[in-house]
Amino acid sequence: MKLAINASRARSGGAQSHLIGIISNAVPLNSGINEVHLWCDKNLLEKIPNKSWLVKHFSEISNQPILNQLLWEKFYLPKLIHKYKCDFLFNVDAGSLCRFNPSITMSQDMLAFEKGEADRFGFSKERLRQFFLKRIQLYSLKNSTANIFLTSYAQKIISRELNSVNPYKIIPHGVSENFNNLNKKSSLTLNQKEINILYVSPIWLFKHQWEVVKAVEKVRAKKFNLKLTLVGGFEEKAFRKLTKQRYLSENKAKFVNYLGHIPHNKLPDIYKKADIFIFASSCENMPISLIEAMRSGLPILSSNRGPMPEVLRDGGLYFDPENYISIAKAIEKLLFNKNLLFSLPKRSKELSKNYSWDRCANETLEYVKEIGKSFKDK
């Protein structure tokens, strides 16, 4: 079998990490696949490892307007797939109009489907973008032979709106082993000079970094020397909201360190310096940075929304991400309970073993094989 992979519009860090993880760990011959043709933009193509079975194709429309990208996927990419005599298409993102049978489409985006989340953008270009993206994703998922979801939560929410029942499989992302064995301390102590809290996630309206700032300020008032490190790019409206809150909260002392975007291969060093990891998002499909923190052996405080309880289970403490008092109470509960400081990292690290790129790559290709066989047998 020849497999075509369409990653021409894989823009998010999660989508790119997924593709790199799959290609790096895949053994296609074990699933009866002798050749893989990959289409993606030039920057991503350079990050993809060379493999004897992999043929790379530069997607020349990646920097063009989105309408041009969608038209290229809809009308030209299927011709290329036929040209190279591929038997199967794997769309790594549902925001695609490429149609080919048989095919599997993977859902990686929840923002357009989570009730009320896209409304945070008000009447704006981003809100309009989410409106159209939702319809494109529904079209793509509905017209594929089968679908892949990253979590049971995502499958449940999105499937409500599909109006059709395609075969599907839940295959979570993996996590890089670079986040393992960071030689973390067995637990932090309250008499430390500083207690460093880390939040790795882009600054968007549904990530609630400003609520975390208010919560840390509240706990600091009880004579805890907490420092907060924020890592990730930003969206303008959310960044203004964060900046305003920092101005209000850091009036007496600076305690927030914003590092901006950090290349993924540099993140293990950031995790290594942290004492506590916090994740305050209210909308996720698959929270990759949460899994990285689990593998890193950090005590974790997490949002109680979306798939976070499904992923972290009993490996962390939960809070309402839109309520800074709830976040502050979770921080204090962790700091005052030595048993939790020891037991939670141990439990979350054990749970993180469920998320490996070997497993993800193997399950994905085996599902391609399964759907390809059932399509032929019809």
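Fair warning: this is a prediction, and the values are worked out from it, not measured in the lab. (Residues numbered from 1 in each chain as written. Predicted model: local features only at pLDDT ≥ 70, side-chain atom pairs only at ≥ 80, totals over all residues. Heavy atoms only, no water.)

S.K.: Talk me through the overall build of the chain; I want residue IDs and the actual numbers.
M.R.: Scanning the chain from terminus to terminus reveals 13 helices and 13 strands. Relative to the globule expectation of 21 Å for 378 residues, the C-alpha radius of gyration of the chain, 22 Å, shows essentially globular dimensions. On the principal axes, the C-alpha backbone points of the chain span a range of 65 × 45 × 35 Å. When burial is assessed residue by residue, the chain has 56% of its 378 residues classed as buried. Of the contacts made within the chain by residues no fewer than 6 positions apart, 69% connect residues no fewer than 24 positions apart. With an accessible surface of roughly 17500 Å², the chain has 52% of that area assigned to carbon and sulfur atoms. (Helix = DSSP H or I, 4+ residues; strand = E, 2+ residues; numbered from the N terminus. Rg over C-alpha atoms; globule rule 2.2 N^0.38 Å. Buried < 20%, exposed > 50% of the residue type's maximum accessible area, 1.4 Å probe, protein only. Contact = heavy atoms within 4.5 Å. Areas by Shrake-Rupley, 256 points an atom, 1.4 Å probe, with all protein chains shown as cover.)

S.K.: Run through a nonpolar patch on the surface, naming residues and quoting values.
M.R.: On the surface, Ile66, Leu67, Leu71 and Phe75 cluster together into a nonpolar patch covering about 410 Å² of accessible area. Here isoleucine 66 shows up in helix α3 (residues 66–83). (Patch = residues over 30% accessible without salt bridge, like charges linked within 9 Å, V, L, I, M, F, W, Y side chains within 5 Å. Salt bridge = Lys/Arg side-chain N within 4 Å of Asp/Glu carboxyl O.)

S.K.: I'd like to hear about empty space enclosed by the protein, residue by residue, with values.
M.R.: It is the rolling of a water-molecule-sized probe over the atoms that shows where space remains empty. The tally for this structure, following the rule as stated, stands at 3 cavities of 30 Å³ or more. There is about 50 Å³ of room inside the second largest cavity. Taken together, Leu3, Ile5, Ile22, Ile23, Ala26, Pro28, Val36, Trp53, Phe90, Thr364 and Leu365 form the lining of the second largest cavity. When residues of the lining of the second largest cavity are traced back to their parent elements, those giving at least two are β1 (2–7), α1 (13–25) and α13 (357–377). Each residue belonging to the lining of the second largest cavity can be placed in one class, and the counts come to 10 nonpolar, 1 polar and no charged. (1 Å grid on protein atoms, 1.4 Å probe; cavity = no way out; pocket = protein on both sides within 12 Å on 5 of 7 lines; lining within 4 Å. Points joined across faces, edges and corners; volume = space filled by probe spheres on them. Nonpolar A, V, L, I, M, F, W, Y, C, P; charged D, E, K, R; others polar.)

S.K.: Tell me about the packing of helix α11 (residues 324–335) against helix α12 (residues 338–351), and please be specific about residues and values.
M.R.: The geometry of α11 relative to α12 is characterised by a closest axis approach of 6 Å and an angle of 100 degrees between their N-to-C directions. Relative to α12, the element α11 lies roughly perpendicular. Taking contact as the criterion, the partners of Lys333, Leu334 and Leu335 in α11 are, on α12, Leu340, Leu341 and Leu344. Partitioning the contact of α11 with α12 into residue classes produces 5 nonpolar, no polar and 1 charged. (Axes fitted to C-alpha atoms, helices over the stretch in contact; angles between N-to-C directions. Parallel < 35°, antiparallel > 145°, perpendicular 65-115°, else oblique.)

S.K.: Give a detailed account of the environment of arginine 160, specifying residues and quantitative values.
M.R.: With respect to the helices and strands, arginine 160 occurs in the loop between α5 (152–159) and β7 (168–170). Judged by relative accessible area, arginine 160 falls into the exposed class, the value being 58%. In this structure the C-alpha to C-alpha distance between arginine 160 and asparagine 68, which are 92 residues apart in sequence, comes to 30 Å.

S.K.: An account of the packing of aromatic side chains is requested, with residue identities and associated values reported.
M.R.: Tallying each qualifying case throughout the model produces 13 aromatic pairs. Relative to tyrosine 271, the ring of phenylalanine 179 has its centre 5.2 Å away and its plane inclined at 85 degrees; by these criteria the two rings are edge-to-face. Taken together, the positions of phenylalanine 179 in the loop between β7 and β8 (195–200) and tyrosine 271 in helix α8 (residues 267–272) put the pair 92 residues apart, joining distant regions of the chain. Residue class for phenylalanine 179 comes out buried when judged on its relative accessible area of 1%. For tyrosine 271, a relative accessible area of 0% translates into the label buried. With 6.5 Å between their ring centres and 15 degrees between their planes, phenylalanine 277 and phenylalanine 279 make a pair best called stacked. (Phe/Tyr/Trp six-rings, centres within 6.5 Å; stacked < 30°, edge-to-face > 60°.)

S.K.: So what about unusual backbone geometry? Which residues, and what values?
M.R.: Put simply, asparagine 101 and proline 102 share a cis peptide bond, and its omega is 0 degrees. Mapped onto the secondary structure, proline 102 falls in the loop between β4 (88–91) and β5 (103–106). Within the chain, lysine 85 stands out as a residue other than glycine whose phi angle is a positive 60 degrees. As for its placement among the helices and strands, lysine 85 is situated in the loop between α3 and β4. Judged by relative accessible area, which is 63%, lysine 85 ranks as exposed.

S.K.: Any details on the environment of glutamate 235? Residues and values, ideally.
M.R.: Tracing the backbone shows glutamate 235 in the loop between β9 (226–231) and α7 (236–249). Distance in space between the C-alpha atoms of glutamate 235 and lysine 74 is 29 Å, their sequence separation being 161 residues. Setting aside anything within four residues of it in sequence, one finds glutamate 235 in contact with Phe121, Ile203, Trp204 and Leu205. A polar atom in the side chain of glutamate 235 sits 3.2 Å from the backbone nitrogen of lysine 237. (Polar contact = N/O pair within 3.5 Å; in protein donor to acceptor, adjacent residues only side chain to side chain.)

S.K.: Before we move on, can you summarise the sheet that holds strand β11 (residues 276–279) with the specific residues and values?
M.R.: The strand order across the open sheet built from 6 strands is β10-β9-β8-β11-β12-β13, with neighbouring strands paired in parallel fashion. The sheet is open, and its two edges are formed by β10 (256–260) and β13 (317–319), each paired on a single side. Neighbouring strand axes in the sheet, compared pairwise and without regard to direction, differ in orientation by 20 degrees on average. Two elements, β8 and β9, share 6 bridges in a ladder whose sense is parallel. Bridged to isoleucine 195 within β9 is leucine 226. Its contacts with the sheet put helix α9 (residues 288–296) on β8, β11 and β12 (300–303), and the angle it makes with β11 is roughly 160 degrees. (Pairing = 2+ DSSP bridges.)

Remember that the coordinates give geometry; whether it matters functionally is a separate question.
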